[in-house]
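This is what each chain is made of:
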Amino acid sequence: MWILRVAVGVVFIYSGFVKADDLWGFIYKLEEYFSICGLSLPRSVTWTFAMLTSGFEFICGLLLLCGCYKRSVPILLTSMMAVMLPLTLYLYIADPIEDCGCFGDAIVISNGVTFLKNVVLTAALVVLIYWNHRVRQAIFKPDIQWIVATVSMVYIVVLGLVCYNVQPLIDFRPYPEGSAMFAHDEESDDEIMFIYSNGDEVRQFSADNLPSDTTWVFVRRSGGENSGSNRLGIYDDDEDVTEDVVDVDRRQFLLVIPDLLRADISNSYFINELSRLSKDCDIDFVGLLATDMVGIERWKDISLADYPCYTVEDTSLKELVRGNVSIVYVDNGIIIWKRTVSSFETSELTYLKNRFGCDFPIHMTKPLSATLIEITSVFAGFLLLLWIIQISVIAIIRKKEKKTKTKAASDK
């Protein structure tokens, strides 16, 4: 039973963690599911469902691992699998999408492997329903297991909010911090194609021939596996200007807007201020927008942008960053950091510029790994402290009971 607790618990902990870490990616995957069913739900509804699902998996997985709520947790997880098992069977048979997104971009598995994984998990959970409560040993006693559940909920909610509003703290996509912006292998003939669906029709398009009709819905990319390429494909109207825009010999700020219709125009003040400071420091500032030339001109008009803007396919931008409006700082073609615009304070820019001069970009943020370590250390430290207090209290109680028994025996 302990082996099953650990094995099944770790799977759900990992699944919930990677979903919360890349909440935007999970939202995109859910919207892909909804589009198959012909649904178009508000982003707020999808966000809530994504947050609840990731939190449910993480909390239940941790409680199962710790031996808390021995009866309830296996039943709750089996109820979830009662929905996921037939869903993944449908995905395996019909193959409407390439992968289920169970582990986000961290581990991409086929629909067949996903269904087999869910069969094994369901079988293990059925065994746990019948036998888990009979194994009374647990890391935390029943009296304090509610504290474990509460602290786990706080942790996963904080993690999800930080990753949603800043960036994933662990980046499993092709463009993590410290990677090259693009490294194109000119000798490769393996072209990246983009697959779109329009009702019952499925068609693939090249990067320079993407459909402008909004009835076409992006499904997945294919090809490019052997090219060693993270190439974005930046266009000025119909001209590919990728290697001209991403200058490997300069510092650059890249403004990334994957969904122009959802872009908050209130961010334009910070963007324009950052653009102005960039010019003072001879740092390039470039806008990458998932729209056509009409959309670019509209953005320039409403945001008062005086920096060059180019067109990039929306899926490529979503792989580069998460969030509707983000900034990527590139030095000599290497991604130093990337953040959503909403995570910055405009007042900090002038202060950083005055204090650090033209080195201010590297002081605008701290590493995402540091944030993850801080949040997780507090969470793990609290659980460790709770466990130490528990065993200390138990030791004190047992010592008192032993004294009482010894005294009672001496009195007799």
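Right above here is the structure, for reference.
A brief structural summary. (Residues numbered from 1 in each chain as written. Predicted model: local features only at pLDDT ≥ 70, side-chain atom pairs only at ≥ 80, totals over all residues. Heavy atoms only, no water.)

**A look at the state of the cysteines**
Chemically, a disulfide is nothing more than a covalent bond linking the sulfur atoms of two cysteines. The following threshold applies: In what follows, a disulfide is any cysteine sulfur pair within 2.5 Å. Categorising residues by exposure relies on relative accessible area from a 1.4 Å probe, with only protein chains included: less than 20% of the type maximum marks a residue as buried, more than 50% marks it as exposed, and the intermediate range marks it as partly exposed. Counting from the N terminus, the helices are the DSSP runs of H or I reaching at least four residues and the strands are the DSSP runs of E reaching at least two.
Taken as a whole and assessed by the stated rule, the structure comprises two disulfides. The side chain of C100 participates in a disulfide bridge whose partner is C102; the two sulfur atoms lie 2.1 Å from each other. Across the S-S bond linking C100 and C102, the dihedral sits near -135 degrees, which makes this disulfide left-handed. When its relative accessible area of 9% is taken as the criterion, C102 is described as buried. Through a disulfide, C281 is tied to C358; the S-S separation comes to 2.3 Å. Across the S-S bond linking C281 and C358, the dihedral sits near -85 degrees, which makes this disulfide left-handed. Of the two residues, C281 is situated in the loop between α8 (268–280) and β7 (284–289) and C358 in the loop between α11 (346–356) and α12 (368–411); the sequence distance between them amounts to 77 residues. On the basis of relative accessibility, which here comes to 8%, the residue C281 falls in the buried class.

**Quick notes on the sheet that holds strand β6 (residues 251–257)**
For clarity, the cut-off: If DSSP finds at least two bridges between two strands, the strands pair.
Read from one edge to the other, the open sheet built from seven strands follows the order β5-β4-β8-β7-β6-β9-β10, with strand pairing classed as mixed. Edge positions in the sheet fall to β5 (239–240) and β10 (334–340), since each of these pairs with one other strand and no more. Here β7 pairs with strand β8 (residues 309–312) via three bridges, running parallel. The partner of L288 across the bridge, within β8, is Y310.

**Some remarks on the packing of aromatic side chains**
Working definition: an aromatic ring pair is given by the centre-to-centre distance plus the angle between the planes. Here is the rule: Two rings from Phe, Tyr or Trp (for Trp, the six-membered ring) form a pair when their centres sit within 6.5 Å of each other. Planes less than 30 degrees apart are called stacked, planes more than 60 degrees apart edge-to-face, and all others tilted.
Scanning the model with the defined rule gives 16 aromatic pairs in all. Measuring from centroid to centroid gives 6.3 Å for F253 and F285, while their planes differ by 45 degrees, and the two rings are tilted. Here F253, found in strand β6, pairs with F285, found in strand β7; they are 32 residues apart in sequence, far enough to count as distant. Taken as a pair, F253 and F285 share a single burial class, namely buried. With a centroid separation of 5.2 Å and an interplanar angle of 40 degrees, the aromatic rings of F253 and Y329 are classed as tilted.

**With respect to the pairing of β10**
The two faces of a sheet get side chains in turn, since along a regular strand they alternate between them. Most of β10 sits out of view: five of its seven residues are buried. Relative to β10, strand β9 (residues 326–331) is paired through six bridges, and the arrangement is antiparallel. What sits directly across from I327, in β10, is R339. Counted between consecutive antiparallel strands, the loop separating β9 from β10 contains two residues, among which N332 sits at a positive phi close to 55 degrees.

**Examining the packing of helix α3 (residues 43–66) against helix α4 (residues 72–94)**
Put simply, the rule reads: For helices, the fitted line uses only the C-alpha atoms of the stretch in contact; every axis is such a line through C-alpha atoms, and the angle between N-to-C directions lies from 0 to 180 degrees. For a crossing to be left-handed, the near helix must be turned anticlockwise from the far one by less than a right angle; the clockwise case is right-handed. Any pair of residues with heavy atoms lying within 4.5 Å of one another is described as a contacting pair. In this classification, Asp, Glu, Lys and Arg are treated as charged, Ala, Val, Leu, Ile, Met, Phe, Trp, Tyr, Cys and Pro as nonpolar, and every other residue, Gly included, as polar.
At a minimum axis separation of 10 Å, α3 and α4 run at an interaxial angle of 145 degrees. Crossing of α3 over α4 shows left-handed handedness. Residue-level contacts link T53, F56, E57, C60, L63 and L64 of α3 to V73, P74, L76, L77 and M80 of α4. Of the residues in the contact of α3 with α4, the class split is nine nonpolar, one polar and one charged.

**Overview of a nonpolar patch on the surface**
Basically, it comes down to this: Here, patches come from residues exposed beyond 30% relative accessible area and free of salt bridges, joined within 9 Å for like charges and within 5 Å for nonpolar side chains (Val, Leu, Ile, Met, Phe, Trp, Tyr). Working definition of accessibility: Shrake-Rupley area with a 1.4 Å probe, residue cover restricted to the visible protein chains. Think of a salt bridge as a Lys or Arg side-chain nitrogen and an Asp or Glu carboxyl oxygen that are within 4 Å of each other.
A cluster of nonpolar side chains, contributed by W2, V6, V10, I139, L384, W387, I388 and I391, occupies part of the molecular surface with about 640 Å² of accessible area. No other element matches α12, which puts four residues into the nonpolar patch. Mapping L384 onto the fold places it in helix α12. The exposure class assigned to L384 is partly exposed, which follows from its relative accessible area of 49%.

**Quick look at the pattern of salt bridges**
Tallied over the full model, the rule gives 16 salt bridges. Of the charged contacts in the structure, one is a salt bridge between R322 and D22, with a shortest N-O distance of 2.8 Å. Pair noted here: R322 is in the loop between α10 (314–320) and β9 and D22 is in the loop between α1 (2–21) and α2 (23–36), with a separation of 300 residues, a long-range link. Side by side, R322 and D22 carry an identical accessibility label, which is buried. Between D259 and R262 there is a salt bridge, with the nearest N and O atoms lying 3.0 Å from each other. A relative accessible area of 37% places R262 in the partly exposed class. Sharing partners across several salt bridges, the network here consists of D22, D105 and R322.

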